[in-house]
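Analysis of the macromolecular model
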Amino acid sequence: MFGGVATAGTHSILEDVDVQWGDFGGIGIGVGGMVLNSTVSNNGNNGIGNGGDDIIIRGNKISGNNYRLFDPGWHAGGMKLTRGFDGIIENNEVWENYGSGIWLDGADAGGLSIIRNNYVHDNVQVVGSFSVGIMFEISNNALIHNNIVLNNANRGIYLSTSAQADIFNNTVSGSSAYSMVDLEGNMARAPAVLRDNEVTNNLISYIHSKNYLYPEIQMQRDGEGRQNNRADYNLYYRPPGTVKLTIGYGITYSTLASWQAATGHDLHGVVANPLFIGSAAPSTPSDAVLTYLSPAIDAGKDVGITSDYFGNPIYGKPDIGAVEYKPPFRTGVDKPDITGNIRIYADGKFRNKSAPHGITADLIVMPQNGFRSGNYAEWMDIAISEWGTS
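These remarks concern the structure in this document.

Calculation criteria
Residues numbered from 1 in each chain as written. Predicted model: local features only at pLDDT ≥ 70, side-chain atom pairs only at ≥ 80, totals over all residues. Heavy atoms only, no water. Helix = DSSP H or I, 4+ residues; strand = E, 2+ residues; numbered from the N terminus. Rg over C-alpha atoms; globule rule 2.2 N^0.38 Å. Buried < 20%, exposed > 50% of the residue type's maximum accessible area, 1.4 Å probe, protein only. Contact = heavy atoms within 4.5 Å. Arc of directions from axis to C-beta. Pairing = 2+ DSSP bridges. Axes fitted to C-alpha atoms, helices over the stretch in contact; angles between N-to-C directions. Phe/Tyr/Trp six-rings, centres within 6.5 Å; stacked < 30°, edge-to-face > 60°. Lys NZ or Arg CZ within 6 Å of the ring centre and 35° of its normal.

A word on the overall build of the protein
Broken down by element type, the protein carries one helix and 34 strands. Computed over its C-alpha atoms, the radius of gyration of the protein comes to 22 Å, within 12% of the 21 Å expected for a compact globule of 390 residues. Principal-axis analysis of the C-alpha atoms gives the protein an extent of 80 × 50 × 35 Å. Burial statistics for the protein: of 390 residues in total, 56% are counted as buried. Here the analysis covers contacts within the protein between residues at least 6 apart in sequence; of these, 58% occur between residues at least 24 apart.

So this is what it looks like as structure tokens:
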């Protein structure tokens, strides 16, 4: 480690520090180390490096690293953690690094790696190499969820010859090359093998003005040790509507039905416009909020999460993507539209399921024992077939 601040000692903590313009690395982290609420930017090779177990990297701003333009395929970018890393990487913003944003390489000691609630965006490709939003390489045992991964130069989320990683409830959009989500296992890296990975409840939107050649998702066929890699309950979108879903580097399907029939993936998947509150191509987390008619709402699988990227509770079944739609109305306070078609959740909040006409019905729905605070999982649908206003 040249320049910057090193935290190689056991159980060291760096909090509220500003680490910039290190000649090579910004912060080196070791066993039990913590980097909290800090700025780690403009370092010569990478922002945070080294590795070990029981590490926490939380609430940091990490940008502009690798200004010396080292080859990111070797070691460069926002952070690269190695040497049996396990721990938690959460609530960070990682952007405009020359190389990958978050990179775990050799996190294979058996501990759990959690990468969640990060905003990883606009990381830049160095000529002749690559840039990935989140990369999990020759590693195993990870939960990668509730991340918003936007406009990274190559892949959005990339698993390279790794195992037992669950990739769920992420919003991935806008990479300009390769694929939004890529599971790759063709490289000879024994004993590591691509196996037992799941891609679930992700909102994967390929919207980029530069290149439409690459797929939303790239999976691998079983064989040569690769096995049991599954994708389901994902939503894919590519305007004007024809998707690219790829298996085995080169066999591409342009419809959900053909993808399902050939691969068995995404039997509960969706191909549709996600109807973001912002533009079709989100550029910030607030752009990735869903509107009330989004096909992603309540369309996911229960994977055990209780909150979304913003910390909002999960209403009903999880929505697909990193951001849960918040029902804006409360029965007893707000009146439903006379068209009906509302969904009331167990805490009394409700949302429209069709476009309202603007005339409300004097209707209150109240359980005998009242609504239960903190209960968001159950719901009831109500449709009004006719409502007299006289």
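Considering the environment of isoleucine 305
Looking at the element boundaries, isoleucine 305 is found in the loop between β30 (270–271) and β31 (329–330). For isoleucine 305, a relative accessible area of 15% puts it in the buried group. In the structure, isoleucine 305 is positioned 136 residues away from asparagine 169 in sequence and 9.1 Å away in space, judged by C-alpha atoms. Contacts of isoleucine 305, omitting those with residues within four sequence positions, involve His145, Asn146, Phe168, Asn169 and Ile314.

Thoughts on helix α1 (residues 256–263)
Within the sequence span of α1, burial applies to Leu256, Trp259 and Thr263. With its buried residues spanning 65° around the axis, α1 presents them on a single face. When the buried face of α1 is taken as reference, the exposed residues oriented beyond 90 degrees from it are Ala257 and Ala261. Those residues of α1 hidden inside the fold are in contact with β25 (217–219), β26 (230–232), β27 (235–237), β28 (245–247), β29 (251–253) and β30. Phi turns positive, to about 80°, at glycine 264, one or two residues after α1.

Considering the sheet that holds strand β8 (residues 55–58)
To summarise the sheet geometry, strands pair through backbone hydrogen bonds and adopt either a parallel or an antiparallel arrangement. Read from one edge of the open sheet, nine strands run β2-β5-β8-β11-β14-β17-β20-β23-β26, paired in parallel fashion. The strands lining the two open edges of the sheet, one partner per strand, are β2 (13–15) and β26. Direction aside, the axes of adjacent strands within the sheet are offset by 10° on average. Strand direction decides the pairing type here: strand β11 (residues 87–90) and strand β14 (residues 113–116), joined by four bridges, are parallel. Considered in β14, the bridge of isoleucine 88 is made with isoleucine 114.

Some remarks on the sheet that holds strand β12 (residues 93–95)
Reading across from one edge, β3-β6-β9-β12-β15-β18-β21-β24-β27-β30 is the order of the ten strands in this open sheet, with parallel pairing throughout. Edge positions in the sheet fall to β3 (18–20) and β30, since each of these pairs with one other strand and no more. Pairing between strand β15 (residues 119–121) and strand β18 (residues 148–150): three bridges, direction parallel. The residue bridging histidine 121 from the neighbouring strand is leucine 150, located in β18.

Some thoughts on the packing of aromatic side chains
Where two aromatic rings form a pair, the distance of their centres and the angle of their planes describe that pair. In total, this model carries ten aromatic pairs according to the counting rule given. Between phenylalanine 24 and phenylalanine 70 the ring centres are 5.4 Å apart and the planes differ by 75°, which places this aromatic pair in the edge-to-face class. Of this pair, phenylalanine 24 sits in the loop between β3 and β4 (25–29) while phenylalanine 70 sits in the loop between β9 (61–63) and β10 (77–82), placing them 46 residues apart in sequence. Taking relative accessible area as the criterion, phenylalanine 24 reaches 17% and is therefore assigned buried. Centroid distance phenylalanine 329 to phenylalanine 350: 5.3 Å. Interplanar angle 35°. Geometry classified as tilted. Placement of phenylalanine 329 in strand β31 and of phenylalanine 350 in strand β33 (residues 349–352) is noted, with a sequence separation of 21 residues between them. Given the relative accessible area of 2%, phenylalanine 350 is considered buried. Here the aromatic cluster, defined as three or more aromatic residues joined through ring pairs, consists of Phe24, Phe70 and Trp74. It is lysine 80 that lies over the ring of tryptophan 103; its NZ or CZ is 4.0 Å from the centre. The positively charged end of arginine 155 is found above the aromatic ring belonging to tyrosine 158, 3.9 Å away from the centroid.

These results come straight from atomic positions and should not be treated as a statement about function.
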